[in-house]
Amino acid sequence: MFDKIIPRSEDYAKWYTQVIRRAEMADYAPVRGCMVVRPYGYALWENVKEQLDSRFKATGHQNAAFPLFIPMSFIEKEAEHVEGFKPELAVVTHGGGKKLEEPLVVRPTSETIIGYMYSQWIQSYRDLPVLINQWANVVRWELRTRLFIRTMEFFWQEGHTAHATHAEAEEETLRILELYTDFALNEAAIPVIPGRKSESEKFPGALTSYTIEAMMGDKRALQAGTSHDLGQNFAKAFDIQYLDANQKQQHCWTTSWGVSTRMIGAIIMTHGDDQGLVLPPRIAPTQLVIVPIIPKNRDTDKQAVMQAVDSICETLGEVRYHVDDRHDYSPGWRFNEWELKGVPLRIEIGPRDLAKQQVVLARRDIPGREGKAFTPIANVAETVKDMLDTIQADMLKRATEFRDMNTFEPTTYDSFKEVVEEGFARAWWCENAECEEQLKAETQATIRCIPIEQPDGDGVCIVCGETAQDIAVFARAY
RNA sequence: CGGGGCGUAGCGCAGCCCGGCUAGCGCGUCUGCUUUGGGAGCAGAAGGUCGGAGGUUCGAAUCCUCUCGCCCCGACCA
């Protein structure tokens with residue numbers, strides 16, 4: 001017998017872990033809270049990286065690399081920043097067998113050390129803007145971890161920019177928020193809500209934090225990326241100044257923004273089903289798997305099938321395909337294997353198909369017989385390409401429908417408390433921290449964001465009944 | 001840091017409460033034969049410091065003490 005993965009409805013956390021390990025995305029490391037990203041998971045991450053990186057470059061950013069170690073005193077320079085990060089720092093106290101004069105922090109994020117470097121590099125308004133990104137690993141001493149979603153060490157990109165005016169910095173912050181939204185929608189097929197964080201949820205040291213929020217398969221929210229308007233907080237702490245056209249010293253306006261390997265977790269939890277992963281075609285490491293079916297001891301059939309496979313492969317062009325010709329595994333075994341791994345499309349081809357000059361095309365996003373169709377061999381490449389686009393679009397559509405079906409608009413606090421346990425709740429909020437505190441204490445939910453897109457007019461706060469300018473999204477979050 | 005669970009073969013587990021002979025089962029692995037359109041069958045084989053240390057005992061996977069680690073749920077967080 002074969003161990004099936006546990007259904008999502010039975011134990012979502014267990015399902016998540018099992019899928020990741022069985023699909024060989026990642027494994028637990030021998031250090032608590034750390035993970036090993038295995039080749040299959042890393043291949044997905046590389047595709048995420050590639051898509052983001054090309055968007056960064058298209059908007060004028062350059063990549064660079066800053067040190068892993070940050071002097072402790074740097075972290076302490078920005079008051080809110082210290083407070084936010086101090087509890088989760090990994091600190092190096094010894095090096096080369098000797099106690100260090102000043103402890104070194106393993107970067108939890110790099111605003112401080114990059115801010116320091118910017119203060120050296122920026123002299124004049126002509127040096128601005130500075131638009132730099134780095135792909136790096138960072139460490140945060142998390143109490144409770146979860147593969148991809150919250151590990152002690154994680155991989156990400158962090159963009160850090162410096163500008164002459166607040167307007168430019170704001171523009172940058174929102175440009176990146178849009179870029180992230182575009183990536184999530186069009187590559188990861190994750191419908192996200194771009195919005196602003198509440199005061200209590202914003203990045204330590206930021207003026208304003210923006211986020212893209214997604215709904216996972218268990219209806220909990222996940223922050224999938226952030227973009228921060230840092231105002232002049234870090235510029236003042238690190239003395240990032242320039243001489244403007246009127247010969248006056250000015251502090252820069254800086255931003256920072258990041259997307260991490262958490263995005264992998266978001267993809268898994270947005271699209272995965274009880275058979276395993278379901279990966280969006282645009283970033284799937286393998287988009288198409290071809291499974292030849294060959295009865296043993298019938299060499300003529302084998303040759304014919306493999307020839308047909310070869311000629312199909314030749315027509316596939318850019319499609320990322322894999323031929324699984326492991327004939328010591330039964331067809332059923334191989335089907336299940338690739339379904340677990342979330343490959344979007346599968347071609348099954350055997351002597352019977354060959355006789356009719358057709359193949360079986362099976363969609364991963366529609367499990368079982370319903371997702372299977374015969375298609376003529378003659379124009380299979382075209383069909384595959386079209387089908388990959390269709391799957392990509394359908395996955396976004398399905399995820400959007402799921403989110404909308406589980407998004408409620410309660411009008412009383414009582415109904416709010418009920419529905420917020422069941423999904424997202426959209427409701428007016430007066431932006432008062434006390435109301436936020438109250439619902440946090442009473443419901444397990446938090447304010448995920450104040451969406452950029454707002455209805456006209458105003459309403460009354462769901463908690464206190466005072467006038468509220470904006471709708472906020474509330475949910476239980478990861 | 002609180003609550004819960006778990007460490008026994010590569011993986012998943014049983015055995016422990018109530019100590020006893022050679023520590024079991026499933027999957028996987030290896031060998032052979034038969035099989036291949038949804039996780040193949042039969043036959044044989046290999047594989048163990050029972051997380052670690054100490055104690056009780058004629059005898060410990062099992063009881064006691066200490067310890068290390070991991071997972072899950074909360075508080076805190078990308």
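All of these numbers come straight from a predicted model, not from anything done at the bench.

Peer 1: Run through the domain arrangement of chain A, naming residues and quoting values.
Peer 2: When cut into domains, chain A gives domain 1 (12–271), domain 2 (288–388) and domain 3 (407–475). Every contact between the two is made by 5 residues of domain 1 and, on the other side, 4 residues of domain 2. Counting each side, the surface lost to burial between domain 1 and domain 2 is near 440 Å², with a carbon and sulfur contribution of 54%. Area buried by domain 1 at its contact with domain 2 is led by Arg22, Ala23 and Tyr40, which between them contribute 71% of it. Measuring nitrogen to oxygen at the nearest pair gives 3.7 Å for the salt bridge that ties Glu24 to Lys341.

Peer 1: I'd like to hear about the packing of helix α1 (residues 12–22) against helix α8 (residues 262–271), residue by residue, with values.
Peer 2: The geometry of α1 relative to α8 is characterised by a closest axis approach of 11 Å and an angle of 115° between their N-to-C directions. The chirality of how α1 crosses α8 is right-handed. Within the contact between the two elements, α1 uses Tyr12, Trp15, Tyr16, Val19 and Ile20 and α8 uses Gly265, Ile268 and Met269.

Peer 1: Give me the lowdown on the protein's contact with RNA strand B, citing residues and values where you can.
Peer 2: As a matter of local geometry, RNA strand B sits amid 44 residues, with Arg32, Arg144, Arg150, Gln223 and Asp353 nearest to it. Here the atoms of RNA strand B within 4 Å of the protein split so that 43% fall in sugar or phosphate, with bases taking the remainder. At 2.8 Å, a backbone N or O of Arg352 approaches a base oxygen of RNA strand B. Mapped by element, the contributors of at least two residues to the surface near RNA strand B are α1, α10 (331–340), β17 (345–349) and α11 (351–355). For the surface near RNA strand B, the element with the highest residue contribution is α10, accounting for 7 residues. Counted by class, the surface near RNA strand B contains 17 nonpolar, 10 polar and 17 charged residues.

Peer 1: Go over the nonpolar core, please, and point to the residues and values.
Peer 2: By size, the foremost hydrophobic cluster in this structure holds 55 residues, and its most contacted members are Met25, Phe148 and Ile268. When residues of this core are assigned to domains, at least three map to each of domain 1 (12–271) and domain 2 (288–388). Not counting chain neighbours up to four residues away, the residues in contact with Ile268 comprise Trp15, Tyr16, Val19, Ile20, Met25, Phe148 and Leu277.

Peer 1: An account of the pairing of strand β5 (residues 90–95) is requested, with residue identities and associated values reported.
Peer 2: In the sheet, β5 pairs with strand β6 (residues 98–106) via 5 bridges, with the strands oriented antiparallel. Its bridge partner being in β6, His94 is matched across the sheet by Lys99. Connecting the antiparallel pair β5 and β6 is a turn made up of 2 residues, with Gly96 showing a positive phi of about 55°.

Peer 1: Mind laying out helix α2 (residues 39–58), listing which residues take part and the relevant values?
Peer 2: Taking 1.5 Å per residue as the helical rise, α2 with its 20 residues ought to reach 28 Å, and the 28 Å between its terminal C-alpha atoms agrees with that figure. With its phi angle positive at about 90°, Gly60 sits one or two positions after the end of α2.

Peer 1: An account of the pattern of salt bridges is requested, with residue identities and associated values reported.
Peer 2: Considering all chains together, one arrives at 28 salt bridges under this definition. With a closest N to O distance of 2.9 Å, Glu213 and Lys197 form a salt bridge. Taken together, the residues span a long stretch of sequence, with Glu213 in strand β10 (residues 208–215) and Lys197 in the loop between β9 (192–196) and β10 at a distance of 16 residues. Lys197 carries the same exposure label as Glu213, and that label is buried. Residue Asp273 pairs with Arg364 through a salt bridge whose shortest N-O separation is 2.7 Å. A residue pair is termed long-range when its members are at least 10 positions apart, and Asp273 in the loop between α8 and β15 (288–292) and Arg364 in the loop between β18 (358–363) and β19 (372–376) qualify at 91 residues. Neither Asp273 nor Arg364 differs from the other in exposure class; each is buried.

Peer 1: Describe the sheet that holds β17, and please don't skip the residues or the numbers.
Peer 2: An order of β16-β15-β17-β18-β19 is seen for the 5 strands of this open sheet, with the pairing classed as mixed. Bordering the open sheet on either side are β16 (321–323) and β19, each of which pairs with just one other strand. Neighbour-to-neighbour, the strand axes of the sheet open up by a mean angle of 25°, direction not taken into account. As paired elements, β15 and β16 share 3 bridges and run parallel to each other. Opposite Ile290, over in β16, you have Val323 as the bridge partner. Against the sheet, helix α9 (residues 299–315) engages β15, β16, β17 and β18, with an angle of about 165° to β15. Here α10 sits on the sheet and contacts β15, β16, β17 and β19; the angle it forms with β15, its principal contact strand, is near 170°.

Peer 1: Please provide a residue-by-residue account of the packing of aromatic side chains, values included.
Peer 2: Pairs of aromatic rings are described using the distance from one ring centre to the other and the angle between the two planes. All told, the structure shown has 13 aromatic pairs when counted by the stated rule. With a centroid separation of 6.3 Å and 40° between ring planes, the pair formed by Phe56 and Trp135 is classed as tilted. Placement of Phe56 in helix α2 and of Trp135 in strand β7 (residues 130–139) is noted, with a sequence separation of 79 residues between them. Ring geometry for Phe74 against Tyr116: centres 5.0 Å apart, planes inclined by 40°, an arrangement best described as tilted. Separated by 42 residues along the polypeptide, Phe74 in helix α3 (residues 72–75) and Tyr116 in helix α5 (residues 111–121) bring together distant segments of the chain. According to the relative accessible area criterion, Phe74 is buried, its value standing at 11%. Residue Tyr116 is classed as partly exposed on the basis of its relative accessible area of 32%. Joined through ring pairs, the aromatic side chains of Trp45, Phe56, Trp135 and Trp257 make up one cluster. In this structure, Arg220 is placed above the aromatic ring of Tyr478, and the distance from its NZ or CZ to the ring centre is 4.2 Å.

Cut-offs applied
- Residues numbered from 1 in each chain as written.
- Chains lettered and ligands numbered in written order.
- Predicted model: local features only at pLDDT ≥ 70, side-chain atom pairs only at ≥ 80, totals over all residues.
- Heavy atoms only, no water.
- Domains from an automatic or database assignment.
- Contact = heavy atoms within 4.5 Å.
- Buried area = accessible area lost by both parts, 1.4 Å probe.
- Salt bridge = Lys/Arg side-chain N within 4 Å of Asp/Glu carboxyl O.
- Axes fitted to C-alpha atoms, helices over the stretch in contact; angles between N-to-C directions.
- Helix = DSSP H or I, 4+ residues; strand = E, 2+ residues; numbered from the N terminus.
- Left-handed = near helix turned anticlockwise from the far one by under 90°.
- Near = heavy atom within 4 Å.
- Polar contact = N/O pair within 3.5 Å; in protein donor to acceptor, adjacent residues only side chain to side chain.
- Nonpolar A, V, L, I, M, F, W, Y, C, P; charged D, E, K, R; others polar.
- Core = buried A, V, L, I, M, F, W, Y, C linked by side-chain atoms within 4.5 Å.
- Buried < 20%, exposed > 50% of the residue type's maximum accessible area, 1.4 Å probe, protein only.
- Pairing = 2+ DSSP bridges.
- Expected span 1.5 Å × (residues − 1).
- Phe/Tyr/Trp six-rings, centres within 6.5 Å; stacked < 30°, edge-to-face > 60°.
- Lys NZ or Arg CZ within 6 Å of the ring centre and 35° of its normal.

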